[in-house]
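One letter stands for each residue in the lines below.
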Amino acid sequence: MSGSRAAVLGRVKAALGRQPEEEARARARVAAWAATDRGGFVPARGQLTAEDRIGLFIEYARAVQTEVERVSGPAAIPGVVARYLRRHNLPQKLVMAPEPALDEANWSSQPLLRITRGTADDSDQTGLTLATAGVAETGTVLIASGRERPTLLGYLPETCIVVLPTDRVVGAYEQAIALHLEETGDLPRSLNFVTGPSRTGDIAQKLELGAHGPRRLFVVLVDPEGGSSDPSAGG
Amino acid sequence: MQATSLAFETEAKAALANPALQEALGKIKTGWQANRTKAAAALPEFEALRDRGREIKNHTLQHLDLYLEMFEAKVTERGGHVHYARDAAEARAIVLDLCRTAEARAVTKSKSMVAEEIGINEYLEANGIERIETDLGEYIIQLRKERPSHLVGPAAHLTKDQISDTFHEHHHSPRLEDPAALVGEARRVLRQKYFAADVGITGANFLVAETGSFVTVTNEGNAELTQGLPRTHVVITSLEKLVPTMDDAFTLLRLLARSATGQEFSSYTTVMTGPRREGDLDGPESLHIVLVDNGRTKMLGTAFQEMLRCIRCGACMNHCPVYLAAGGHAYGWVYVGPMGSVLTPQFAGIEETYTLPNASTFCGKCEEVCPVRIPLPKLMRHWREVQFERNLTPPTARYGLALWAFFATRPALYRFGTRLAMGLLGLLGKKAGRFRHLPLAGGWTVSRDLPAPSGTTFMAAYKKTRAKVS
């Protein structure tokens, strides 16, 4: 309905009432706005050293019922995942993002764990994917969609496991997006910022987990092989 | 949709006498209201972010035409479609047309206040399309055939027992008492609906001009399943949701959850840019964004432009003594509480809604907590002026005001009158010290006593003291 487009834009222009000679200045203001440095509006609390950022991430993540465990090296991931599933009495079965980086973990070390690759459907109980970044500010993980990272993995199964390398924990949301753009050069279809498992207060303001999305969110923080690992931060 | 706001007083009275409603409303005080205070205090930059939020929205509105064109170009570049709708009827027609093109029999919908505003729910059903609300609160009120009573918690007016009854009646299952079991049942029922839907309808909290992205915020994860499973995604949203840049969106997002529920961040904040990409394993194949005007451009360039900064957090109602007593339904339309008292006359006409800007004590709490610092009491006062100009004020109030003005502009007469009245009341009330009933003041004395005046006026006492001093 191109008539509507012209009508609405016409109403906006009429209401703003800019004179033709002001047009160039208005466009300059819009260009200047985009170019403004916004560092000043990022809360100071996430702007810490790498180790403190990780500590803050864990603190805020746990405050919203995310379970967090920190391990050293990708080889340790399968064991932690298998143990987590056992602890919650869940089948040793998961659907995993077809992300090549996840192959670095030695999944054959857990022969009982049955893994399919792809996106989730209604029958999948546990999904596992790789985070683009962790945001210390609120204990949030950013999962960027892509060929190797289907989004439904993080929403359909009752249990969502997210692998997050510790060198990807940044201070603020903006820095998480910047990290993604640095590596890929483009915004994905979907940037999913996830802060804790699904919840609702719609029944008399009482907090209940697992409204539509996952009931459980488990973040496996992975230090680089041979890097620092703090066992006291474990789960 | 017809507003029933003129019945505010009757509805508010009924609300006060409804114990279930009062119980439900009481939870807002101890929940969202208290949590917002804590969350704001926990972020040292919160007040500075509010200033910045106001600045972002003001700048966007001042250049709205340029940002709309930028947004549209970027969405189109990404393979999405932008549709402009002048009013509610046009918006409904566009959405129905999109559903028909997708050969939709069923649509899932995540919470969108603009969708409520344009009345899409009844319209789709009247045209033979099944609509399933996926936000739990919205689903509950869909079953009960009610309107949302709150921006963030549409079922905030209901107690757990009422929801138990509703589910028992509609799901033909045993009556569940435990909230966790109720949530589990809704999850099970709705899960099948997601897969059966041909179109997913969501709203948007922000539209990002520089990238053509849009942002949804939920705690349940229902928006992602609503847009992620069907082939077609329709976003129903409005002009003022625009912000210039992604950074601006995140500045406002830092304000949104803290102001709404007192959370540091909602569970799911999703930034979407375009439809499914080549090689993606999921996501909608086609994306349509319906930009609704429906009277917003009439607010631009007027005193009401400030209202277009609203980010729909609900803090104003969570802190409003009138809302917390009367509940949302008394407001008689889609938007409720102080923000509703400003917006509803705009959308539904002041003739049908002039009770709303009067449903305020002007205590100022709403403005105090508004994340983008909208002067809500000032805007309600504007509506009262419009109401008076259009002769909509009830005769008793008009004559009362005229009478008062007659005396107030004649100081000698005014002082004489007040001295007489105070003297008389002082004498009559000397014994009891209070009045249980008083002619012409029944509205006051019906629920409390009027303390008896001392018998003299301030001016008289002042004169006496001054005479003594000199």
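Criteria and cut-off values
- Residues numbered from 1 in each chain as written.
- Chains lettered and ligands numbered in written order.
- Predicted model: local features only at pLDDT ≥ 70, side-chain atom pairs only at ≥ 80, totals over all residues.
- Helix = DSSP H or I, 4+ residues; strand = E, 2+ residues; numbered from the N terminus.
- Buried ≥ 20, exposed ≤ 12 C-beta atoms within 10 Å, placed from the backbone.
- Contact = placed C-beta atoms within 7 Å.
- Domains from an automatic or database assignment.
- Pairing = 2+ DSSP bridges.
- Axes fitted to C-alpha atoms, helices over the stretch in contact; angles between N-to-C directions.
- Nonpolar A, V, L, I, M, F, W, Y, C, P; charged D, E, K, R; others polar.
- Left-handed = near helix turned anticlockwise from the far one by under 90°.
- Expected span 1.5 Å × (residues − 1).
- pLDDT = per-residue confidence, 0-100.

**Some points on the overall build of chain A**
What chain A contains, in helices and strands, is five helices and twelve strands. Counting only residues that meet the buried cut, chain A has 47% of its 235 residues in that class. Intrachain contacts of chain A at a sequence separation of at least 6 include 75% that bridge at least 24 residues.

**Thoughts on the domain arrangement of chain A**
When the domains of chain A are assigned, the result is domain 1 (2–35) and domain 2 (48–227). Each of domain 1 of chain A and domain 2 of chain A was reduced to a C-alpha centroid, and the two centroids are 43 Å apart.

**Observations regarding the sheet that holds strand β8 (residues 169–170) of chain A**
Strand order across the open sheet formed by eight strands is β8(A)-β5(A)-β6(A)-β9(A)-β9(B)-β6(B)-β5(B)-β8(B), with mixed pairing between neighbours. Each edge of the sheet is formed by a strand with only one pairing partner; in this case those strands are β8 of chain A together with β8 (242–243) of chain B. The sheet contact formed by strand β5 (residues 133–135) of chain A and strand β6 (residues 140–144) of chain A spans three bridges and is antiparallel. Bridging from a neighbouring strand, A:Val135 pairs with A:Thr140 of β6(A). Helix α5 (residues 173–184) of chain A rests against β5, β6, β8 and β9 (190–194) of chain A of the sheet, and its axis sits at about 170° to β5(A). Each of β5 (206–208), β6 (213–218), β8 and β9 (268–272) of chain B touches helix α12 (residues 246–260) of chain B; the most contacted strand, β5(B), lies at about 165° to it.

**A short note on the interface of chain A and chain B**
With 59 residues of chain A in contact, the opposing surface of chain B contributes 75 residues. Among the secondary structure elements, those contributing two or more residues to the side of chain A that touches chain B are α1 (2–16), α2 (23–35), α5, β9 and β10 (199–200) of chain A. It is α1(A) that provides the largest number of residues to the side of chain A that touches chain B, a total of ten residues. Here the residues of the side of chain A that touches chain B sort into 26 nonpolar, 19 polar and 14 charged. Where β9(A) lies against β9(B), five bridges are found, and the strand directions are antiparallel. Its bridge partner being in β9(B), A:Leu191 is matched across the sheet by B:Val271.

**Considering the packing of helix α9 (residues 160–171) of chain B against helix α10 (residues 179–196) of chain B**
All names here are of chain B. The contact between α9 and α10 brings their axes to 11 Å, and the two run at 35°. Crossing hand, α9 versus α10: left-handed. Packed against α9, whose contacting residues are Lys160, Ile163, Ser164, Phe167 and His171, the element α10 presents Pro179, Leu182, Glu185 and Val189 at the interface. Of the residues that constitute the contact of α9 with α10, the class distribution is five nonpolar, two polar and two charged.

**Digging into the sheet that holds strand β1 (residues 81–85) of chain B**
Residues and elements named next belong to chain B. An order of β1-β10-β7-β4-β2-β3 is seen for the six strands of this open sheet, with the pairing classed as parallel. Among the strands making up the open sheet, the edge pair consists of β1 and β3 (130–133). Between one strand axis and the next, the sheet turns by 20° as a mean value, whatever way the strands run.

**Structural notes on helix α23 (residues 458–469) of chain B**
The end-to-end C-alpha distance of α23(B) is 16 Å, a good match for the 16 Å that twelve residues give at a rise of 1.5 Å each. With zero of twelve residues buried, α23(B) is to be regarded as a mostly surface element.

**Overview of the domain arrangement of chain B**
Entries for chain B in the domain assignment read domain 1 (1–42 + 314–393), domain 2 (44–298) and domain 3 (412–469). The centre of domain 2 of chain B, based on its C-alpha atoms, is set 56 Å off from the matching centre of domain 3 of chain B.

**What to know about the environment of B:Gly332**
Residues and elements named next belong to chain B. With respect to the helices and strands, the residue Gly332 is situated in the loop between α15 (321–326) and α16 (337–348). Residue classification places Gly332 among the buried positions, given that 23 C-beta atoms sit within 10 Å. The spacing of Gly332 and Leu356 is 24 residues in sequence and 9.1 Å in space, taken between C-alpha atoms. In contact with Gly332, other than residues within four places in its own chain, are Ala3, Thr4, Ser5, Ala7 and Phe8.

**Considering the confidence of the model for chain B**
In this model, chain B carries an average pLDDT of 94, and 100% of its residues clear a pLDDT of 70 or more. The ipTM, which scores confidence in the relative placement of chains, is 0.95 for this predicted complex, and the corresponding pTM is 0.93.

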